[in-house]
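# Analysis of the macromolecular model
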Amino acid sequence: MRYLTAGESHGPQLTLIVEGLPSRLPFSKEKVDEQLARRQKGYGRGRRMKIESDEIRILSGVRFGRTTGAPVALSIENKDWNKWSDVMGVHPDREKAAKRRVSRPRPGHADLNGAIKYHHRDMRDVLERSSARETAARTAAGAVARQLLEYCGIRVAGHVVRIGSVGTRRLEEWKAEEIAKKSEESPVRCLDPEAEKAMIQRIDEAKQEGDSLGGVVEVIVENVPVGLGSHVHWDRKLDARIAQAIVSINAFKGAEIGIGFEAGERKGSEVHDEILWSEEKGFHRATNRLGGFEGGMTTGEPIVVRGVMKPIPTLYKPLKSVDIDTKAPFEASIERSDNCAVPAASVVAENVVAWEVARALLETFTADTAENLLREVNRRREEARNF
Ligand SMILES: Cc1cc2nc3c(=O)[nH]c(=O)nc-3n(C[C@H](O)[C@H](O)[C@H](O)COP(=O)(O)O)c2cc1C
Ligand SMILES: C=C(O[C@@H]1CC(C(=O)O)=C[C@@H](OP(=O)(O)O)[C@H]1O)C(=O)O
């Protein structure tokens, strides 16, 4: 299974093609729209999110609420396009486009490197595609994958575990349904009410100072069969693919599986998850510090992955930069920006992880139809249970 996205932040629409889904998978537009709406929310977002109300249009691959096995093509309209069509259009108004020309690169964004690499003197040609607007399309891809996971009884949830200097304790149990419900009730998607208050306060303070904040998100995948991914080749290790997916989200700088970097500080006996067996559960683990992975394969324990997001680069508080025309230093002034997108990005993280798990599922259990896939997944569950 693979996907491609296309579209600029202020262009007419985002386009997504998902190829390789089995046929006969129940497909709900509402479930995709629900993920898109979740991604738009979250404390710290800027004015753009008041303009957009993301929903998909199904263009192909689905009939009567089920996939046909053909590529699924979806589009998401950019409502802001109405104000940008003469700048962004296929036949743009050159004068108006010149007024919107970007010659002042923002530290931390893709502007300068992209301009040098692609020989753009107008850095709008870079920022339009480097914008995290594209994560709406990736969230839609994940929301499709999520329906496949759901069909196989696999649940995904996410929450925010740090914003700036405010962090929460590591969970010891990962109940996806509970995490999903609690984080949904929080404007910053945090499970701890005390930390939530402090996070909101930090975001407000940063906004007042014209500054931005990053943070850390955690994603959980529950009821995963044993043996997704493989130890036999580097590019089949599922933990590695998940880490790539996380770091590919705009502004994400790192990923950790389970206790991740903390594993470097502890002794082996404090890291590895002891193996137990019982009549009721079969093989299982006493703990889940390794976040559901050994040898690039799932252990059957919940997948637990974290991602760290740097603070938003577009700042109201100016940072030093240099105009590419005059080579003179300037202090940036901006029109609008998010000042903290960690809660929103946690939704993107959930959905890119869902995609990778669904992709691994379809590689492990080749199936043309959803029913065959579920049969194979359940057979593996039975085999593992009786091993
Ligand atoms: C959901 C989300 C919203 C974002 N909103 C903004 C924003 O409003 N302004 C901004 O400068 N960067 C924003 N970013 C981050 C930039 O897109 C990102 O820093 C930029 O593409 C450069 O890529 P890099 O940070 O991965 O190097 C956002 C990221 C995400 C995930
Ligand atoms: C549009 C989205 O996020 C955008 C991501 C973004 C950036 O530079 O990454 C900059 C902002 O765009 P604009 O300059 O139009 O206000 C955000 O609003 C979105 O998440 O849907």
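Residues numbered from 1 in each chain as written. Chains lettered and ligands numbered in written order. Predicted model: local features only at pLDDT ≥ 70, side-chain atom pairs only at ≥ 80, totals over all residues.

From N to C terminus, the protein includes twelve helices and 17 strands. If you line up the protein on its principal axes, its C-alpha atoms span 75 × 50 × 40 Å. Of all 387 residues assigned to the protein, the portion counted as buried reaches 41%. By sequence separation, contacts in the protein at least 24 residues apart represent 71% of the contacts at least 6 residues apart. (Helix = DSSP H or I, 4+ residues; strand = E, 2+ residues; numbered from the N terminus. Buried ≥ 20, exposed ≤ 12 C-beta atoms within 10 Å, placed from the backbone. Contact = placed C-beta atoms within 7 Å.)

With that settled, consider the packing of helix 10 (residues 238–247) against helix 11 (residues 342–364). Between helix 10 and helix 11, whose axes approach to 9 Å, the crossing angle comes to 150°. The hand of the helix 10/helix 11 crossing is right-handed. Taken together, the residues of helix 11 that come into contact with helix 10 (itself represented by L238, R241, I242, A245 and I246) are A349, V352, V353, W355, E356 and A360. For the contact of helix 10 with helix 11, the residue count by class is nine nonpolar, no polar and two charged. (Axes fitted to C-alpha atoms, helices over the stretch in contact; angles between N-to-C directions. Left-handed = near helix turned anticlockwise from the far one by under 90°. Nonpolar A, V, L, I, M, F, W, Y, C, P; charged D, E, K, R; others polar.)

So, about the UniProt feature "binding site: FMN" (unreviewed entry) in the protein. Within this numbering scheme, the UniProt entry marks R129, S130, S131, N250, A251, G295, K310, P311, I312, P313, T314 and R336 as carrying the feature "binding site: FMN" (unreviewed entry). The annotated residues occupy 208 residues of the chain and do not converge on a single region, their most distant C-alpha atoms lying 44.9 Å apart. Mapped onto the elements of the fold, R129 is located in helix 6 (residues 124–130). For R129, a count of 18 C-beta atoms within 10 Å corresponds to the partly exposed category. With respect to the helices and strands, P311 occurs in the loop between strand 15 (303–309) and strand 16 (320–322). What makes P311 partly exposed here is the crowd of 18 C-beta atoms within 10 Å. If we ignore the near neighbours within four places in the chain, the residues touching P311 are S212, L213 and G214. (UniProt positions renumbered as here; feature names shortened; annotations may be inferred.)

This part covers the site of ligand 1. Near ligand 1 you find 20 residues, and of these A132, N250, T314, D338 and A341 are the closest. Here the element with the most residues in the shell around ligand 1 is helix 11; it accounts for three residues. (Near = placed C-beta within 6 Å.)

The next subject is the UniProt feature "binding site: NADP(+)" (unreviewed entry) in the protein. UniProt records the feature "binding site: NADP(+)" (unreviewed entry) at R39 and R45, using the numbering of this structure. Tracing the chain through its elements places R39 in helix 1 (residues 29–40). Owing to 28 C-beta atoms within 10 Å, R39 belongs among the buried residues under this scheme. Considering the arrangement of structural elements, one finds R45 in the loop between helix 1 and helix 2 (48–51). Take R45: there are 18 C-beta atoms within 10 Å of it, and that puts it in the partly exposed class. Other than its neighbours up to four places away in sequence, R45 contacts D338, A341 and A344.

This brings us to the pairing of strand 15. Of all seven residues making up strand 15, seven are buried, and the element is well covered by its neighbours. A two-sided burial pattern is seen for strand 15, the buried positions comprising I303, V305, G307 and M309 on one face and V304, R306 and V308 on the other. Of the strand pairs in this sheet, strand 9 (residues 215–222) and strand 15 are connected by seven bridges, and their pairing is antiparallel. The residue bridging V219 from the neighbouring strand is V305, located in strand 15. (Pairing = 2+ DSSP bridges.)

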